[in-house]
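# Results of the structural survey
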Amino acid sequence: METTQQTGEPGAAERRRRELLEAADRVVLRDGPKASMNAIAAEAGITKPILYRHFGDKAGLYQALAVRHTDALLDSLRAALDAPAERRRRVEATLDTYLAAIEARPQVYRFLMHPAEDSHTAERGFDVGLHSAPLLRRLGEELAQVISERVDLGPGGEQLARVWGHGIVGMMHAAGDWWLGERPCARADLVAALTDLLWGRLATAGNREDGPGF
């Protein structure tokens, strides 16, 4: 309704878009990176052209799903970082939160981060790698901001925080991807080992006087 949109409440188009994303989620949970626009349209009870009308193409749908899941992951990571615990425990909790998220929904993770193995049947013009890189950059920038706000890294601290933020995300992604595929150890063992690797200078750095502490 026009009046609903004018008052700022979700309109019919926005509600429909959310319903389509939920249908896409169900297909991704079932099919992982092989999820196709045809399967998603069928799950939603619509034709493929109608799905294109809402998202443009698979890249548009991927982007919408990526934002949906990245937002949820960032909320969980922030909660772990801000938990009332000593610093090492919060580092462990943050790493564990990331690994628990990809372990709980591995098909979603693989859809967001890996192309379909049978790429010759995938929609033309869609490159998962091209679209997944911005997700990792966003996570890196978010973590860099957390570090910069909380930890006193001295002169050049803002740049160092960005180096750390992107480095930690790269480590979590690479280690998590390997672990999810091979399961060589328990999640708790991986968390402990990665925390040991990170601990170094972070253990001795002081909190910023004007920050919320870490």
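Just so we're clear, the structure is a prediction, and the values are computed from it rather than from any experiment.

## A closer look at the overall build of the protein chain
Summing up its helical and strand segments, the protein chain has 10 helices and 2 strands in all. Listing each helix as α and each strand as β along the protein chain from the N terminus yields α-α-α-α-α-α-α-α-β-α-α-β. Burial status across the protein chain gives 40% buried among its 214 residues. Carbon and sulfur atoms make up 52% of the accessible area of the protein chain, which totals about 11,600 Å².

## What about the packing of helix α2 (residues 12–31) against helix α7 (residues 106–113)?
Interaxial distance between α2 and α7 falls to 7 Å at its minimum, and their mutual angle equals 100°. The orientation of α2 with respect to α7, classified from their angle, is roughly perpendicular. Along its contact with α2, which presents Val28, Leu29, Arg30 and Asp31, the element α7 presents Gln107, Val108 and Phe111.

## Thoughts on the packing of helix α6 (residues 87–104) against helix α9 (residues 157–182)
Look at α6 against α9: their axes get within 10 Å of each other, and the N-to-C directions meet at 40°. Taken together, the axes of α6 and α9 lie oblique to each other. Considering how the two elements wind past one another, α6 and α9 form a crossing that is right-handed. Contacts between α6 and α9 involve Leu95, Tyr98, Leu99, Ile102 and Glu103 from the first element and Met171, Met172, His173, Gly176, Trp179 and Leu180 from the second. Residue composition of the contact of α6 with α9, grouped by class: 8 nonpolar, 2 polar and 1 charged.

## Describing unusual backbone geometry
A positive phi angle is found at Arg183, which is not glycine, with a value near 45°. Looking at where Arg183 falls in the secondary structure, it is placed in the loop between α9 and α10 (187–204). Accessibility expressed as a relative area gives 41% for Arg183, which makes it partly exposed.

## So, the side chain of Arg90
With respect to the element layout, Arg90 can be found in helix α6. Although Arg90 is buried, it forms no salt bridge, and the closest oppositely charged side chain is Asp82 at an N-O distance of 5.5 Å. Within the structure, the side chain of Arg90 is placed 2.9 Å from the backbone oxygen of Ala85, a separation counted as a polar contact.

## Let's talk about the pattern of salt bridges
Taken as a whole and judged by the stated rule, the model has 18 salt bridges. Arg16 serves as the salt-bridge partner of Glu19, at 3.2 Å between the closest nitrogen and oxygen. Taken together, the residues span about one helical turn, with Glu19 and Arg16 both in helix α2 at a distance of 3 residues. With relative accessibility at 28%, the residue Arg16 sits in the partly exposed group. In this structure, Glu43 engages Arg30 in a salt bridge whose closest nitrogen and oxygen atoms are separated by 3.9 Å. Remark: Arg30 occurs in helix α2 and Glu43 occurs in helix α3 (residues 37–44); sequence separation between them is 13 residues. For Arg30, a relative accessible area of 48% corresponds to the partly exposed category.

## So, the packing of aromatic side chains
Applying the stated criterion to the full structure yields 1 aromatic pair. Between Tyr62 and Phe111, the aromatic rings sit 5.8 Å apart at their centres with planes inclined by 40°, giving tilted as the arrangement. Of this pair, Tyr62 sits in helix α5 (residues 58–81) while Phe111 sits in helix α7, placing them 49 residues apart in sequence. Accessibility assignment for this pair places Tyr62 and Phe111 in one class, buried. The ring of Trp199 is capped by Arg88, whose NZ or CZ atom sits 5.8 Å from the centre of that ring. Against the face of Trp179 rests Arg183, its NZ or CZ located 4.7 Å from the ring centre.

## Considerations on the environment of Leu143
Mapped onto the elements, Leu143 comes out in helix α8 (residues 128–150). Residues Leu143 and Ala161, spaced 18 residues apart in sequence, show a C-alpha to C-alpha distance of 8.3 Å. Excluding residues within four positions of it along the chain, Leu143 makes contact with Leu81, Gly165, Ile168 and Val169.

Cut-off values and rules
- Residues numbered from 1 in each chain as written.
- Predicted model: local features only at pLDDT ≥ 70, side-chain atom pairs only at ≥ 80, totals over all residues.
- Heavy atoms only, no water.
- Helix = DSSP H or I, 4+ residues; strand = E, 2+ residues; numbered from the N terminus.
- Buried < 20%, exposed > 50% of the residue type's maximum accessible area, 1.4 Å probe, protein only.
- Areas by Shrake-Rupley, 256 points an atom, 1.4 Å probe, with all protein chains shown as cover.
- Axes fitted to C-alpha atoms, helices over the stretch in contact; angles between N-to-C directions.
- Parallel < 35°, antiparallel > 145°, perpendicular 65-115°, else oblique.
- Contact = heavy atoms within 4.5 Å.
- Left-handed = near helix turned anticlockwise from the far one by under 90°.
- Nonpolar A, V, L, I, M, F, W, Y, C, P; charged D, E, K, R; others polar.
- Lys, Arg positive; Asp, Glu negative; His and termini not counted.
- Salt bridge = Lys/Arg side-chain N within 4 Å of Asp/Glu carboxyl O.
- Polar contact = N/O pair within 3.5 Å; in protein donor to acceptor, adjacent residues only side chain to side chain.
- Phe/Tyr/Trp six-rings, centres within 6.5 Å; stacked < 30°, edge-to-face > 60°.
- Lys NZ or Arg CZ within 6 Å of the ring centre and 35° of its normal.

So yeah, pure geometry; function would need other evidence.
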